[in-house]
Amino acid sequence: MKKLPLSQLDAFFAALAAGQELYIPAGDAGTAAFTPWREGLKLTPALNTSRSAKDLFFPQVENLVDFKVTGKQIEIIENRAPAKPFVIFGVRACDCRSFDILDKVFLADPADTYYKTRRENGTIVTLACTEPEETCFCTALGIDPANPAGDVSGWIAEDTLYLQANTGKGSALLETLPMLEEGEKPELDQPVFDRLPLKDLDWSAFGGERMMEHFNSPKWASLAESCLGCGSCTFVCPTCQCYDIKDFNTGSEIKRFRCWDSCMYSDFTLMSAGQPRPTQLERFRQRFMHKLVYYPSTHEGEFGCVGCGRCLQKCPISMNIVKVAGTLGKEETP
Amino acid sequence: MQERIKAKAIELLESGVCGRVLGWKTGEFFYDVTPAVFESREEIERDFVFGPFCGANLSKYLIAESRKGGKVGAFLKPCDTYSFQQLQKEHRILPENVYAVGVQCGGMCDIDAIRAAGIKGVLDVEEQGDSLLVHTLYGDKSLDRAAALSERCRVCKSKKILGCAELIGEQGEEQPSARFEQVAELEAMTPEERFAFWRGELSRCIRCNACRNVCPACSCEKCVFDNPSSGAENKAPANSFEENLFHIIRAFHVAGRCTDCGECSRVCPQHIPLHLLNRKFIKDINELYGPYQAGADMDAKPPLVNFQADDPEPSVVRERGTNP
Amino acid sequence: MQVNETFKPTVVAFCCNWCSYAGADLAGTNRLQYPADVKIIRIPCSCRLNPLFILRAFQRGADGVILCGCHPGDCHYTTGNYYARRRMTLLFSMLDYLGIERERTRVEWVSAAEGAKFAETMNDFVETVTRLGENRRLEDLRCKSE
């Protein structure tokens, strides 16, 4: 294990940023974001960023390819930016788990090469949580926020940053940083995790087994009733991965891009025959069924949720996966 | 207040005045209340809440609720009643199917304002006069109640309850408000400064459409931005132009109809001060065409479907802006 | 792109069918000179101009947008231009509020008999926009790449 006094954090960031682009969570609570590091940029005091770390591997908008039409000829223009290595520092355990969930979607055969290139070029340095929010429930999903994964795991204790490489990519990164010293992290006692209000969340009623039972539950009507059909839960979610592919006509060429889409939207998966989920009830049900039932049914019972709590904080009407699972799950207990 | 409202809700159901009532439902925490429809005494006794975190404006739900058949009861705060009247004026709410009860409001708190004050792990709050005692995972913190208020409540324009069948609490009055101060500050900047300010704010937009979907004035069945045939559809802000386009068009479309209820800014997950766009239109309308408050008067003609022969010419924007 | 080429702005003029479009026609038949950089789009009435049209003109490469309609009181549909006047005033004010140069947008009333005014207006507007330079603050870079 390596260590570094926090007083040298700026020099550490400068050294990291010298070899590649470095992103750190910066900004005020509520608007914190992974930001390219520049001299003087400080770590945010907020627990987590407003948007999740998935943005760096699966950006909201991405140009895939361009077309130029001349007469009857269509020229296909490959416009991928050359792959550049980058480091994300300060990823929390929940966001780090979200990469596993996204990988199972984007790296399954046939792999999404845009996503894959970024995954290969990105090195993830995590940071253990010491001050969770009341909305955190990663522990209920088997994630240990005090011991996050990643290429390099990080802990801040007292005035020292401790770093432990977990992968070859991680070791290679740490070797480039001469200011790191050898050191052992002290045992951290963090009783706060036992006091989290949502730590006892029980999702055993969910998974693939009772798919139709949950799908047909009459409780969806009252749950979906107040949903505004916006996409804030989807867009701040680290595991939501639906996208749309669109063409933009610039006047001289076509730019084919993909962008995040939300199953909450009325034009999600719109077909010539119309929207397959005609009302907000079906759209709302889709989002939660996907996370609680469909995803686990095809991925060995793993839920499509990492307990980061962003949707709890950001939903305009405070409807979220914890309330949905609580209401639906209640049916099952005698 | 909560007990009086719950008693009224039960009374409305049991006397047969309404088949269901629209109110706020308790959540996992003290602050995460959800608008909900209640149909029985049991549901109301168990789940109905009214407190300093019931900021959601229920008026927009009445568009759909008033069309479901039967009469729906609704509890509306003063600013919600402006939206309620405005939507009736636009024939979006069918008033004959709504039994509105006005509830007086002392200003609504915003959990994000508490978090912005650097308070983490909030478990509960107690109102102690002008201050809030905040219980957190990390001990108790104290905060001025004013600092926990929503921006819109800090500059509350009116405590007047409009168009309701009955009131719970005292009828209030319009009151002086500093709500245009920040607009004036922006107007006093140079165009370069304003451009930089808005780029900083609007570049955070993730086009989740929360501002639009929560907005009582945004009640189109199909928005141009969602309509693949409109030529303006876009699902994500691909660049700065599209960020500007969405917010300019949205603010323009609600100009003259926006009651300044402030829901857009409350719900923005990226904390973009969207009310500053709407208030700019309101301020301009007041200054150029005479004072107008959307929703206040059922008979007044909305400024954008009205004109005077001697209205100022558009060049007023250039002339007015000669300094700085 | 050539560096020392003098900047030639693209100006979009939305002209009402009944007055200003005829005014432009008159300017043409009278052989009055106005810059070829002005692209005229005919609309049935000045109040047909949706703010989206203006923004999309900027997106597609316009450096200035001008709306021409019948003089107030002379609208073919009696009152259309009065509504347009309010809308454009508020829209231009909003663009100014967002920091977009206030000289890039303009409304002028040009009747069917005012061919000379049409040419003068366009000369003046193109000159103003040329002085301002390229539209940077409301541009869509995707539409500028060749």
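Residues numbered from 1 in each chain as written. Chains lettered and ligands numbered in written order. Predicted model: local features only at pLDDT ≥ 70, side-chain atom pairs only at ≥ 80, totals over all residues.

So, about the interface of chain C and chain A. Taken together, the four residues of chain C in the interface contact five residues of chain A. Split into classes, the residues belonging to the side of chain C that touches chain A amount to one nonpolar, no polar and three charged. (Contact = placed C-beta atoms within 7 Å. Nonpolar A, V, L, I, M, F, W, Y, C, P; charged D, E, K, R; others polar.)

This part takes up the domain arrangement of chain A. Residue and element names in this part refer to chain A. For chain A, the assigned domains are domain 1 (2-193) and domain 2 (211-328). Each of domain 1 and domain 2 was reduced to a C-alpha centroid, and the two centroids are 25 Å apart. Counting residues at the interface gives 32 residues for domain 1, matched by 25 residues for domain 2. The residue makeup of the side of domain 1 that touches domain 2, split by class, is 16 nonpolar, seven polar and nine charged. (Domains from an automatic or database assignment.)

Let's shift gears to unusual backbone geometry. The phi torsion of most residues other than glycine is negative, and most of the peptide bonds are trans. The omega torsion of the bond from Asp-109 of chain A to Pro-110 of chain A falls at -5 degrees, within 30 degrees of zero and hence cis. Within the fold, Pro-110 of chain A resides in the loop between helix H2 (93-106) and helix H3 (113-121). We note that His-271 of chain B has phi near 55 degrees; this positive angle belongs to a residue other than glycine. Tracing the backbone through its elements, the reader meets His-271 of chain B in the loop between helix H12 (263-267) and helix H13 (275-289). (Helix = DSSP H or I, 4+ residues; strand = E, 2+ residues; numbered from the N terminus.)

Residues and elements named next belong to chain B. Taking 1.5 Å per residue, twelve residues should reach 16 Å; helix H9 (residues 191-202) reaches 16 Å between its end C-alpha atoms and fits that length. Looking only at H9, the buried set comprises Trp-198, Glu-201 and Leu-202. In a view along the axis of H9, the buried residues occupy a sector of 85 degrees, so they form one face of it. Structural note: H9 exposes Glu-192 and Gly-200 on the side pointing more than 90 degrees away from its buried face. Tucked inside the fold, the buried residues of H9 contact helix H11 (240-254). (Expected span 1.5 Å × (residues − 1). Buried ≥ 20, exposed ≤ 12 C-beta atoms within 10 Å, placed from the backbone. Arc of directions from axis to C-beta.)

The subject of this paragraph is the nonpolar core. Judged by nonpolar contacts, the single largest core of 224 residues is most densely connected at Leu-22 and Ile-88 of chain A, Ala-74 of chain B together with Val-11, Ala-13, Cys-16 and Met-94 of chain C. Ranked by residue count, the leading element in this core is helix H3 (residues 80-97) of chain C, at eight residues. What Val-11 of chain C contacts, discounting residues up to four positions off in sequence, is Asp-37, Val-38, Lys-39, Ala-62, Asp-63, Gly-64, Ile-66, Phe-125, Val-126 and Val-129 of chain C. (Core = buried A, V, L, I, M, F, W, Y, C linked by C-beta atoms within 7 Å.)

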